[in-house]
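Commentary on secondary and tertiary structure
Given next are the chains, with one letter for each unit.
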Amino acid sequence: MPIDSEFPKNHKVVGKHKHEDGRFHFVWGPGRSDAETSSNEQVQEAYKSRGEEYVPLGVHGTFVGVDWDSCIADGACIEACPVQVFQWYRSEHDIPAVQMVNATSAGIGENHSREGRKDYTDKSDPVRESDCIWCMACVTVCPTQAIKVDEANLDVHKKTAETAG
Ligand code: F3S
Ligand code: F3S
Ligand code: ZN
(Lines give C-alpha, C1' and ligand atoms only; values in the text may rest on other atoms or scores of the structure.)
(Ligands and ions follow the chains in the order given, each with its own letter.)
Protein backbone atom coordinates (compact mmCIF):
# COMPACT_ATOMS: atom_id res chain seq x y z
CA MET A 1 0.00 0.00 0.00
CA PRO A 2 1.66 3.25 -1.14
CA ILE A 3 1.82 6.43 0.90
CA ASP A 4 -1.63 7.92 1.50
CA SER A 5 -1.76 10.70 -1.09
CA GLU A 6 -3.96 12.71 1.27
CA PHE A 7 -1.78 12.18 4.34
CA PRO A 8 -1.74 15.81 5.49
CA LYS A 9 -5.55 15.71 5.62
CA ASN A 10 -5.86 12.24 7.10
CA HIS A 11 -3.08 12.56 9.65
CA LYS A 12 -1.96 14.95 12.32
CA VAL A 13 1.40 16.46 13.08
CA VAL A 14 3.01 14.32 15.75
CA GLY A 15 6.44 15.90 15.76
CA LYS A 16 8.97 18.26 14.30
CA HIS A 17 12.27 16.80 13.13
CA LYS A 18 14.74 19.65 13.33
CA HIS A 19 17.88 20.34 11.37
CA GLU A 20 20.76 22.08 13.14
CA ASP A 21 20.72 24.78 10.45
CA GLY A 22 17.29 25.93 11.66
CA ARG A 23 15.14 24.12 9.08
CA PHE A 24 12.77 21.34 10.06
CA HIS A 25 10.26 18.90 8.63
CA PHE A 26 7.06 17.74 10.20
CA VAL A 27 6.24 14.15 11.15
CA TRP A 28 2.68 12.98 10.51
CA GLY A 29 0.89 10.20 12.33
CA PRO A 30 -0.42 7.84 13.32
CA GLY A 31 1.54 5.26 11.37
CA ARG A 32 -0.01 2.30 9.56
CA SER A 33 0.36 -1.27 10.74
CA ASP A 34 -0.67 -2.77 7.39
CA ALA A 35 1.86 -1.08 5.10
CA GLU A 36 4.71 -2.77 3.16
CA THR A 37 7.18 -3.07 6.03
CA SER A 38 4.73 -5.18 8.06
CA SER A 39 5.03 -8.04 5.58
CA ASN A 40 8.53 -7.47 4.19
CA GLU A 41 10.81 -10.32 5.29
CA GLN A 42 14.07 -8.37 5.06
CA VAL A 43 12.66 -5.59 7.21
CA GLN A 44 11.09 -7.91 9.77
CA GLU A 45 14.27 -10.01 10.01
CA ALA A 46 16.33 -6.85 10.54
CA TYR A 47 14.12 -5.80 13.47
CA LYS A 48 14.47 -9.28 14.99
CA SER A 49 18.26 -9.26 14.60
CA ARG A 50 18.46 -5.95 16.43
CA GLY A 51 15.98 -7.04 19.10
CA GLU A 52 14.03 -3.89 18.33
CA GLU A 53 10.25 -3.69 18.44
CA TYR A 54 8.47 -3.12 15.12
CA VAL A 55 5.99 -0.25 15.49
CA PRO A 56 4.06 1.99 13.06
CA LEU A 57 6.01 5.18 12.33
CA GLY A 58 4.11 7.60 10.08
CA VAL A 59 5.35 10.06 7.47
CA HIS A 60 8.46 12.29 7.64
CA GLY A 61 8.15 15.47 5.58
CA THR A 62 5.19 17.33 4.07
CA PHE A 63 5.99 18.46 0.52
CA VAL A 64 8.55 15.65 0.29
CA GLY A 65 6.75 13.06 2.38
CA VAL A 66 8.31 9.65 3.03
CA ASP A 67 6.00 7.07 4.58
CA TRP A 68 8.29 5.17 6.94
CA ASP A 69 5.76 2.33 7.14
CA SER A 70 6.07 1.82 3.38
CA CYS A 71 9.82 2.48 3.16
CA ILE A 72 11.60 -0.87 2.94
CA ALA A 73 15.07 0.78 2.85
CA ASP A 74 15.57 0.19 -0.85
CA GLY A 75 17.64 3.38 -1.19
CA ALA A 76 16.85 4.19 -4.83
CA CYS A 77 15.56 7.61 -3.76
CA ILE A 78 18.81 8.42 -2.01
CA GLU A 79 20.80 7.63 -5.16
CA ALA A 80 18.34 9.39 -7.48
CA CYS A 81 17.95 12.76 -5.77
CA PRO A 82 20.19 15.32 -7.49
CA VAL A 83 20.26 17.65 -4.49
CA GLN A 84 20.58 15.12 -1.63
CA VAL A 85 17.31 15.86 0.09
CA PHE A 86 17.47 12.48 1.86
CA GLN A 87 19.81 10.75 4.25
CA TRP A 88 19.75 7.36 5.95
CA TYR A 89 18.55 8.34 9.41
CA ARG A 90 20.51 5.60 11.22
CA SER A 91 23.79 6.75 9.71
CA GLU A 92 23.48 9.80 11.95
CA HIS A 93 21.29 8.57 14.84
CA ASP A 94 21.33 4.80 15.27
CA ILE A 95 18.23 4.74 17.49
CA PRO A 96 14.70 3.33 17.08
CA ALA A 97 12.86 5.25 14.35
CA VAL A 98 10.02 6.15 16.68
CA GLN A 99 12.49 8.33 18.62
CA MET A 100 13.19 10.40 15.49
CA VAL A 101 9.83 12.15 15.76
CA ASN A 102 11.30 15.17 17.55
CA ALA A 103 14.99 14.62 16.88
CA THR A 104 17.56 17.18 15.81
CA SER A 105 19.87 16.17 12.98
CA ALA A 106 23.01 17.80 11.65
CA GLY A 107 22.44 16.41 8.18
CA ILE A 108 25.75 14.55 8.19
CA GLY A 109 24.23 11.14 7.45
CA GLU A 110 24.95 9.04 4.36
CA ASN A 111 23.12 10.60 1.42
CA HIS A 112 24.59 9.09 -1.74
CA SER A 113 24.43 5.31 -1.72
CA ARG A 114 21.81 2.69 -1.03
CA GLU A 115 24.57 0.63 0.55
CA GLY A 116 24.83 3.32 3.21
CA ARG A 117 21.83 1.89 5.02
CA LYS A 118 22.71 0.40 8.42
CA ASP A 119 20.29 -2.45 7.74
CA TYR A 120 16.72 -2.87 6.56
CA THR A 121 15.28 -1.07 9.59
CA ASP A 122 16.85 2.13 8.22
CA LYS A 123 14.69 4.82 6.55
CA SER A 124 15.11 7.54 4.01
CA ASP A 125 14.77 10.82 5.90
CA PRO A 126 14.03 14.07 4.02
CA VAL A 127 16.32 16.21 6.19
CA ARG A 128 16.82 18.77 3.42
CA GLU A 129 13.18 18.84 2.30
CA SER A 130 13.37 22.52 1.34
CA ASP A 131 16.18 21.85 -1.17
CA CYS A 132 13.79 19.84 -3.38
CA ILE A 133 13.70 21.03 -6.99
CA TRP A 134 10.59 18.97 -7.82
CA CYS A 135 12.37 16.64 -10.23
CA MET A 136 10.24 13.68 -9.08
CA ALA A 137 13.06 11.17 -9.51
CA CYS A 138 12.55 9.79 -5.99
CA VAL A 139 8.84 9.26 -6.57
CA THR A 140 9.51 7.39 -9.80
CA VAL A 141 12.17 5.03 -8.49
CA CYS A 142 10.74 4.00 -5.11
CA PRO A 143 9.59 0.37 -5.42
CA THR A 144 6.87 0.73 -2.79
CA GLN A 145 5.66 4.21 -3.75
CA ALA A 146 6.51 5.38 -0.27
CA ILE A 147 7.21 8.97 -1.36
CA LYS A 148 4.81 11.76 -2.25
CA VAL A 149 6.24 15.01 -3.59
CA ASP A 150 3.72 17.78 -4.07
CA GLU A 151 4.50 21.46 -4.45
CA ALA A 152 0.99 22.26 -3.22
CA ASN A 153 1.93 20.79 0.14
CA LEU A 154 4.52 23.52 0.56
CA ASP A 155 1.59 25.70 1.63
CA VAL A 156 0.47 23.01 4.03
CA HIS A 157 3.95 23.04 5.53
CA LYS A 158 3.98 26.83 5.85
CA LYS A 159 0.50 27.02 7.37
CA THR A 160 1.24 24.17 9.73
CA ALA A 161 4.44 25.92 10.78
CA GLU A 162 2.39 28.99 11.71
CA THR A 163 -0.08 27.02 13.81
CA ALA A 164 1.91 24.03 15.07
CA GLY A 165 5.16 25.96 14.90
FE1 F3S B 1 15.02 15.09 -4.86
FE2 F3S B 1 12.69 13.90 -5.05
FE3 F3S B 1 12.81 16.52 -4.90
S4 F3S B 1 14.54 13.33 -6.11
S5 F3S B 1 14.70 17.00 -5.93
S6 F3S B 1 13.42 15.08 -3.33
S7 F3S B 1 11.39 15.36 -6.12
FE1 F3S C 1 12.57 3.80 1.07
FE2 F3S C 1 11.57 3.92 -1.33
FE3 F3S C 1 13.65 5.34 -0.71
S4 F3S C 1 11.75 2.10 -0.09
S5 F3S C 1 14.71 4.18 0.85
S6 F3S C 1 11.62 5.55 0.19
S7 F3S C 1 13.32 4.29 -2.62
ZN1 ZN D 1 12.78 12.98 9.68
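Structure first, text after, so check above.
Since the model is a prediction, treat every value here as computed from it, not as a measurement.

Thoughts on the pattern of salt bridges
Summed over the entire model, instances satisfying the criterion amount to 13 salt bridges. The closest approach of N and O atoms between Arg 23 and Asp 131, which form a salt bridge, is 2.9 Å. Remark: Asp 131 occurs in the loop between strand E7 (124–125) and helix H4 (137–141) and Arg 23 occurs in the loop between strand E1 (12–19) and strand E2 (24–29); sequence separation between them is 108 residues. Judged by its relative accessible area of 26%, Arg 23 falls in the partly exposed class. With its nearest N and O atoms 2.9 Å apart, the salt bridge here joins Arg 90 to Asp 94. Since its relative accessible area comes to 1%, Arg 90 is described here as buried. Among the ionic contacts, a cluster of salt bridges with common partners joins Arg 50, Glu 52, Arg 90, Asp 94 and Asp 119.

Some words on the site of ligand 2
Taken together, 13 residues are adjacent to ligand 2, and Cys 71, Ile 72, Gly 75, Cys 77 and Cys 142 come closest. Looking at the shell around ligand 2 residue by residue, the classes come out as nine nonpolar, three polar and one charged.

Procedures and definitions
Residues numbered from 1 in each chain as written. Chains lettered and ligands numbered in written order. Predicted model: local features only at pLDDT ≥ 70, side-chain atom pairs only at ≥ 80, totals over all residues. Heavy atoms only, no water. Salt bridge = Lys/Arg side-chain N within 4 Å of Asp/Glu carboxyl O. Helix = DSSP H or I, 4+ residues; strand = E, 2+ residues; numbered from the N terminus. Buried < 20%, exposed > 50% of the residue type's maximum accessible area, 1.4 Å probe, protein only. Near = heavy atom within 4 Å. Nonpolar A, V, L, I, M, F, W, Y, C, P; charged D, E, K, R; others polar.

Purely geometric numbers; function is a separate question.
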